[in-house]
2 protein chains.
Amino acid sequence: MYNQRNEQLCAKFEEAGIDALLVTTLPNIMYLSGFTGSTAMVLITPTKRWFLTDFRYHTQVAQQVDKSFELVDNTGKNLIKVVLPSLPGSESLQRIGFESTNVSYDMWGLLSSAENHEFVSTKGLVEDLREIKSEAEIELLRAAVLLNEVVWQEVVGTLGADTTEADLVAEIEYRARKRGASGTSFDPIVASGANSSKPHARFTQERIVPGTPLTFDMGMLLGGYCSDMTRTVFFRDCPEKWANIYNIVKLAKDSANDAVMPGKLGKEIDAVARQVIIDAGYGDKFGHGLGHGVGLEVHEGPRLAQVANMQLRVGNVLTNEPGIYLPGEGGIRIEDMFVVRADGPENLNTLSTDLLVVG
Amino acid sequence: MYNQRNEQLCAKFEEAGIDALLVTTLPNIMYLSGFTGSTAMVLITPTKRWFLTDFRYHTQVAQQVDKSFELVDNTGKNLIKVVLPSLPGSESLQRIGFESTNVSYDMWGLLSSAENHEFVSTKGLVEDLREIKSEAEIELLRAAVLLNEVVWQEVVGTLGADTTEADLVAEIEYRARKRGASGTSFDPIVASGANSSKPHARFTQERIVPGTPLTFDMGMLLGGYCSDMTRTVFFRDCPEKWANIYNIVKLAKDSANDAVMPGKLGKEIDAVARQVIIDAGYGDKFGHGLGHGVGLEVHEGPRLAQVANMQLRVGNVLTNEPGIYLPGEGGIRIEDMFVVRADGPENLNTLSTDLLVVG
């Protein structure tokens, strides 16, 4: 698996005009090598793969990293002056690509100090491979989605009159760990009342407000892969105004889902959902994109957004998450994950998106 | 408070050769403005402060950000071509500093496309201010330390024959939330047996192994500030070999603590602990630095390490965390946080570091 990924990567070197790629983005390192630690870089060439990290991670490298990589200790060593010259054959690597999104201005300063190598800006070489999920990856994503649904259902079951947003966040994290998740794929969003009008709300110590939207936006991390799901429910009562808005959001989501096919542009799918919301008079209340890719990262490519010009490809896994937000009042968002298949979308979620009143 | 911090920052502009600073590092933005969201940048000048963020965070800005900042919507707008020219008076900002550690190569490409401004690399202007904690900040750190101790004590109390590392991580997070933490300041490390030999171990689903080191390295996030504490305990039994190593680590920590005074170099404090470990024959088993600053970030300046040439200053808050790691067998680390006071260290932790056998 790792061999294949690295070979696919090296097949892009000629077009990118590079002899090697210095990979510094952690999810890319994980994708290429299996490493889940937080400090490393890898240097990939068509004939040799080096794994550079410090003292703290050597044991973990021995356990996790694909055997096609050679471990190089770089504890406190200058990459350009010491580490690179120590790698046999590296002197022949004239043009070494680096990841321009990830490399800092300071790191660029270090790279450009090299006298025997030219460092060349590249973008998205590994990320592009990661956008097409294998069937094995899709099964891991499916498992992360299923776990997310199980945990969410359990957590909703704990809701009572005294429950706070913070309580529900605590329950999500605890039940995630207890059921075997490596963790949550992002800090869970639990937002009730006016707080739900913020798409990226931070939970509070306030009790859940009956008769207002209660938004859960949460994800599990399982086997390295992420899930991401949003459900907006109502505690005890759903006023008609919110029920109407809920059904607009649901229609927007379902319509976008129906439009998914390989070859469609991300902005075309976004436009389908957005038009439903515009037609209902809430166009200015849906200020974010419709969705994003999910994999080793909870936000990755491709995107479903007004500016997304890329075509959907078979094997993409994305979210579909329209929303309507009324500042100071509340907001509704519904989110599922789907795979782009040759004949259309396959929804990875299994739970209903029908309006749910709980408690 | 925010006024004072911004004025202290602007007082450094002349020496840095800049008319304004574009701040893109999130903890720095929080320090200067109060904002806790995840997407923003601020432009600070001696006479005007602008807060740039997109649609999703406008409500949060209204609630959190200091009123001395003017909100500027930058949703989908090019910073150089659209946003900057729209700011009244910005045409007079000839040299604008940027944070070179944080700005990516791509962002640098955008900044250097400006025709009417010169963007100037700066490093650590805000971080340097953050290293000196006010008494109010120290009280927040003290509260985060106390909460950490309370949660740790509770969690140790749950330890039983069937408890796994993952169970203990779940308990830490759950009890943190339930007691009012915004979260943990990093993913808790709970490592038993050979897993404890990795300084940055990842928890497993394995049961705690009696008679081996059980390391907890954990921190709370409270009021924006972090804590960080490590305790290594023994479940049921502590073999003499490990008791000896434990007491070496404890002596190293206590000796380093006694050496803390304003004006001492970070490497001098590190050397005191390291010498104790070297003298005991474990010099090559302590591969990381002795400590680091803690504040809005769990790892910030200054450092206690072999290469740390900076002097300790009154108001620094740091960790003191020596360790000895035997690959494949286990490891011991003990960590407290302290404040550098005019007359020496003040330990923020209150719990004993004596060898503890539990269960």
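See the structure shown above.
Cut-offs applied
Residues numbered from 1 in each chain as written. Chains lettered and ligands numbered in written order. Predicted model: local features only at pLDDT ≥ 70, side-chain atom pairs only at ≥ 80, totals over all residues. Heavy atoms only, no water. Contact = heavy atoms within 4.5 Å. Buried area = accessible area lost by both parts, 1.4 Å probe. Salt bridge = Lys/Arg side-chain N within 4 Å of Asp/Glu carboxyl O. Polar contact = N/O pair within 3.5 Å; in protein donor to acceptor, adjacent residues only side chain to side chain. Helix = DSSP H or I, 4+ residues; strand = E, 2+ residues; numbered from the N terminus. Nonpolar A, V, L, I, M, F, W, Y, C, P; charged D, E, K, R; others polar. Least-squares fit on C-alpha atoms with pLDDT ≥ 70 in both. Axes fitted to C-alpha atoms, helices over the stretch in contact; angles between N-to-C directions. Parallel < 35°, antiparallel > 145°, perpendicular 65-115°, else oblique. Left-handed = near helix turned anticlockwise from the far one by under 90°. Pairing = 2+ DSSP bridges. Buried < 20%, exposed > 50% of the residue type's maximum accessible area, 1.4 Å probe, protein only. Phe/Tyr/Trp six-rings, centres within 6.5 Å; stacked < 30°, edge-to-face > 60°. Lys NZ or Arg CZ within 6 Å of the ring centre and 35° of its normal.

1. Considering the interface of chain B and chain A
Argument step 1. Each side of the interface is counted separately: chain B has 39 residues, and chain A has 36 residues.
Argument step 2. The junction of chain B with chain A conceals about 3400 Å² of combined surface from both sides, 54% of it contributed by carbon and sulfur atoms.
Argument step 3. By the criterion of area lost to chain A, the three top residues of chain B are Phe55, Tyr105 and Arg177 of chain B, representing 21% of everything that side buries.
Argument step 4. Measuring nitrogen to oxygen at the nearest pair gives 2.5 Å for the salt bridge that ties Glu173 of chain A to Arg177 of chain B.
Argument step 5. Summed over the shared surface of chain B and chain A, the result is 22 residue pairs in polar contact (both at pLDDT 80 or more).
Argument step 6. Elements represented by at least two residues in the side of chain B that touches chain A include exactly helix H4 (58-64), helix H6 (105-111) and helix H9 (165-178) of chain B.
Argument step 7. For the side of chain B that touches chain A, the residue count by class is 15 nonpolar, 13 polar and 11 charged.

2. Thoughts on the relation of the copies chain B and chain A
Argument step 1. Expressed as a screw operation, the relation of chain B to chain A combines 0.0 Å of axial shift with a rotation of 180°, fitting to an RMSD of 0.0 Å. As the rotation angle and translation indicate, the two copies are arranged about a two-fold axis. The position closest to the rotation axis in chain B is occupied by the C-alpha of Ser104 of chain B, lying 2.0 Å away.
Argument step 2. When you check the interface residues of chain B against chain A, 92% turn up at the interface there too, and the contact is symmetric in its surfaces.

3. Thoughts on the packing of helix H8 (residues 135-156) of chain A against helix H9 (residues 165-178) of chain A
Residues and elements named next belong to chain A.
Argument step 1. For the pair H8 and H9, interaxial distance at closest approach is 9 Å and the crossing angle is 140°. Here H9 runs oblique to H8, going by the angle between their axes. Note that H8 runs across H9; the crossing there is right-handed. Residue-level inspection shows Val151, Glu154 and Val155 of H8 in contact with H9, the latter providing Leu168, Glu171, Ile172, Arg175 and Ala176.
Argument step 2. Each residue belonging to the contact of H8 with H9 can be placed in one class, and the counts come to five nonpolar, no polar and three charged.

4. So, the sheet that holds strand E5 (residues 95-99) of chain A
Residues and elements named next belong to chain A.
Argument step 1. Strand order in the open sheet formed by six strands is E4-E3-E2-E1-E5-E6, and the pairing between neighbours is mixed. The open sheet has two free edges, formed respectively by strand E4 (69-73) and strand E6 (118-122), since each of these has just one partner strand. Put simply, the sheet's adjacent strands are angled 25° from each other on average, direction ignored.
Argument step 2. When strand E1 (residues 20-23) meets E5, the two strands line up parallel, connected through three bridges. Residue Leu22 lies in a different strand from E5, and its bridge partner there is Phe98.

5. Observations regarding the pairing of strand E9 (residues 213-218) of chain B
Residues and elements named next belong to chain B.
Argument step 1. The buried fraction of E9 is high, at six of six residues.
Argument step 2. The alternating pattern of E9 places Pro213, Thr215 and Asp217 and Leu214, Phe216 and Met218 on opposite faces, both of which are buried.
Argument step 3. Relative to E9, strand E8 (residues 189-192) runs antiparallel, the two being bridged by four bridges. Looking at the pairing, Val190 lines up with Phe216 of E9.

6. Comments concerning the environment of Val169 of chain A
Argument step 1. Of note, Val169 of chain A is situated in helix H9.
Argument step 2. Apart from residues lying up to four places away in sequence, Val169 of chain A is in contact with Pro188, Val190 and Phe203 of chain A together with Arg177 of chain B.

7. Things to note about helix H3 (residues 26-33) of chain A
Argument step 1. In terms of burial, H3 of chain A is a largely internal element, seven of the eight residues being buried.
Argument step 2. Of the residues making up H3 of chain A, those classed as buried are Pro27, Asn28, Ile29, Met30, Tyr31, Leu32 and Ser33 of chain A.

8. Comments concerning the sheet that holds strand E1 (residues 20-23) of chain B
Residues and elements named next belong to chain B.
Argument step 1. Spatially, the six strands line up as an open sheet ordered E4-E3-E2-E1-E5-E6, and their pairing is mixed. This sheet does not close on itself; its edge strands, each paired only once, are strand E4 (69-73) and strand E6 (118-122). Between one strand axis and the next, the sheet turns by 25° as a mean value, whatever way the strands run.

9. Thoughts on the packing of aromatic side chains
Argument step 1. The tally for this structure, following the rule as stated, stands at 15 aromatic pairs over all chains.
Argument step 2. Ring geometry for Trp108 of chain A and Tyr105 of chain B: centres 5.0 Å apart, planes at 70°, overall edge-to-face. With Trp108 of chain A in helix H6 (residues 105-111) and Tyr105 of chain B in helix H6, the pair connects residues from two separate chains.
Argument step 3. We classify Trp108 of chain A as partly exposed; its relative accessible area is 22%.
Argument step 4. By relative accessible area, which is 22% here, Tyr105 of chain B ends up partly exposed.
Argument step 5. Over the ring of Trp242 of chain B we find Lys241 of chain B, and its NZ or CZ is 5.9 Å from the ring centre.
Argument step 6. Over the face of the ring belonging to Phe286 of chain B we find Arg274 of chain B, whose NZ or CZ atom lies 4.1 Å from the ring centre.

10. Observations concerning the packing of helix H1 (residues 2-10) of chain A against H3 of chain A
Residue and element names in this part refer to chain A.
Argument step 1. Closest axis-to-axis distance for the H1/H3 pair is 7 Å, and the angle between their directions is 120°. What the angle tells us is that H1 and H3 run oblique. Each of Tyr2, Arg5, Asn6 and Leu9 in H1 lies in contact with H3, whose residues at this interface are Met30, Tyr31, Leu32 and Ser33.
Argument step 2. A breakdown of the residues in the contact of H1 with H3 according to their chemical character gives five nonpolar, two polar and one charged.

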